[in-house]
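Residues per chain are reported as follows:
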Amino acid sequence: MIEPGATWSHILKRGTALWITDIEGGANVGAIFYNADNPTERYNMPDTLKAQHTAHLTQGNVLYSDMGRILCSITADTVGWHDPLSGSANEALVTAKYGEARYQAHRNACHKNACDGLLIELAKYGLGARDLAATVNFFSKVVVDGSGDMRFASPHSRRGDYVELRAEMNVLVILNTCQHPMDPSRQYAPKPVHVAIRQVAAPGPADPCRISRPENERGFVLTERYFM
Amino acid sequence: MKESLLDKAALEFDTLIPAGEPWICEIRKGHHLRIIDVEGNQAADTLFYNAADYEDRYSAQDTIRAQANIYLTTGTKLMSSRGNVLLTIVNDTCGRHDTLGGACATESNMVRYALDKRHMHACRQSFVKAALAWGRGLEKRDITHNINFFMNVPVTADGGLTFEDGVSGPGKYVELRAEMDVLVLISNCPQLNNPCNAYNPTPIRAVVWNFGVAV
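Residues numbered from 1 in each chain as written. Chains lettered and ligands numbered in written order. Predicted model: local features only at pLDDT ≥ 70, side-chain atom pairs only at ≥ 80, totals over all residues.

Engineer: How should the environment of Q191 of chain B be read in this particular structure?
Structural biologist: Residues and elements named next belong to chain B. Relative to the elements of secondary structure, Q191 occurs in the loop between β10 (182-188) and β11 (204-209). Judged by the 23 C-beta atoms lying within 10 Å of it, Q191 falls in the buried class. Sequence separation of Q191 and A19 is 172 residues, and the distance between their C-alpha atoms is 9.5 Å. Excluding residues that lie within four positions of it along the chain, Q191 makes contacts with C104, C196 and N197. (Helix = DSSP H or I, 4+ residues; strand = E, 2+ residues; numbered from the N terminus. Buried ≥ 20, exposed ≤ 12 C-beta atoms within 10 Å, placed from the backbone. Contact = placed C-beta atoms within 7 Å.)

Engineer: What should I look at first to understand unusual backbone geometry in this one?
Structural biologist: Of all residues except glycine, most have a negative phi; of all peptide bonds, most are trans. All names here are of chain A. With an omega of 0°, the peptide bond running from S154 to P155 counts as cis. Along the chain, the position of P155 falls in the loop between β8 (150-153) and β9 (162-167). At H53, a position not held by glycine, the phi torsion is positive, near 45°. Take H53: it is sitting in the loop between α1 (45-52) and β4 (62-64). A count of 14 C-beta atoms within 10 Å places H53 in the partly exposed class.

Engineer: What is the right way to read the interface of chain B and chain A from this model?
Structural biologist: Interface extent is often summarised as the accessible area lost during association of the parts. With 33 residues of chain B at the contact, the number on the chain A side is 41 residues. Only α1 (60-67) and α2 (106-112) of chain B provide two or more residues apiece to the side of chain B that touches chain A.

Engineer: How do you make sense of helix α4 (residues 114-123) of chain A when you look at a structure like this?
Structural biologist: Side chains of residues three or four places apart in an α-helix project in the same direction, reflecting 3.6 residues per turn. Along α4 of chain A, the positions that sit buried rather than exposed are A114, C115, G117, L118, L119 and L122 of chain A. Next to the buried residues of α4 of chain A lie β1 (7-12), β3 (29-35) and β10 (171-176) of chain A.

Engineer: I'm lost on the pairing of strand β2 (residues 16-22) of chain A in this one. Help?
Structural biologist: Within a regular strand, side chains alternate between the sheet's two faces. All names here are of chain A. Both β2 and strand β11 (residues 193-199) contribute to a ladder of seven bridges, which runs antiparallel. Pairing of A17 across the sheet is with R198, part of β11. The sheet contact formed by β2 and β9 spans five bridges and is antiparallel. Note that in β9 the partner of A17 across the bridge is R166. (Pairing = 2+ DSSP bridges.)

Engineer: For this particular structure, what's the right way to read the environment of A101 of chain A?
Structural biologist: Residues and elements named next belong to chain A. By the secondary structure assignment, A101 is in the loop between α2 (91-98) and α3 (103-106). On the basis of neighbour count, A101 is assigned to the partly exposed category, with 16 C-beta atoms found within 10 Å. As for A101 and H111, which are separated by 10 residues in sequence, their C-alpha atoms are 5.4 Å apart.

Engineer: I would appreciate a short explanation of the environment of L176 of chain B in the present structure.
Structural biologist: By secondary structure assignment, the location of L176 of chain B is in strand β9 (residues 172-178). The sequence separation of L176 of chain B and G160 of chain B amounts to 16 residues, and the corresponding C-alpha distance is 30 Å.

Below, the structure is given as structure tokens:
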């Protein structure tokens, strides 16, 4: 289990899949992804969105690196919409929204923010602020209207909802369970999630993520070439 | 949309950036940068950094979230990864600019168009070239998610991403005020695989002037 407001990381091996389950409903998981064998290659939001002509992520979508390769595929998803647009809240934003709650008075119930959580975890791998670009917010939905306005859609994820990420490379994945930065709730109440990893079969010629669009077929070819 | 007069007496830079070329320049706090789409329909892929600390750089996600709107136009504050305001858009005769579409790359062109497109010139080649030439530690991992001035990339209500034409035109410009000393890095986009440059990349003009100096 990843506790509310906590950060977790793992080098997800090619050929395994990560299950993330929303235990209570209303969770948010900020996520960043790197090629563990060469972390200068990392998740790229625009490349992911424009290759798939989408501004949300769900089953059948893949997460592209900046090098034209697929870090992870979304192979199962009961939520239907994950937010790739909104990023993470820093300490100033969390304090402005929820007030100050420091360790001295609140011990481990102190307020945490996703930016610091991700930066501290990145440092454990020799990475830093220069390596932190866009995040994906799993289990959260932000819709955009005709004038470009962004709106946080709530309620969204339900208790027991899950998403499965199949690693197509060896992927450093860092997850943080702080609240979504556009969550309008004034109450500091991050939710826990459960994570599990299992071995999975390599994507075959008819893999749904591979054949979902011609761009992804080429993305899989480039990723498979990388391991030749 | 507003137009403003450019104070030629305090000009610091007035540069024509040919199609497919990068441009990198420091801009002092309070000075203005105007980027002009000289012939129209040209994408100006642009990154900004805090000139005193390149770790603190333009953040597309923080910028759109701070204003709860995906389009950049007059009044938009360009936010850094540390929550600082780098620049403010003070004039915009185009009306809308994109920050979701990113920059073209040789690798992403292979994914988007065909595996044999790797040889074609791309914005991220220009970004890396200019970053290495600038030195001071700037390198590939500093090439983050950029602004596409003069590009229109709407998001649909059902979460689709579309690429549309037609908001820019010859002579249209966007003008920004630096709220701190910043470094600007522009790639004048060489993309030939899609209509972002009307299949004919053309020059853009960048003008920097000291707004506070009297004529």
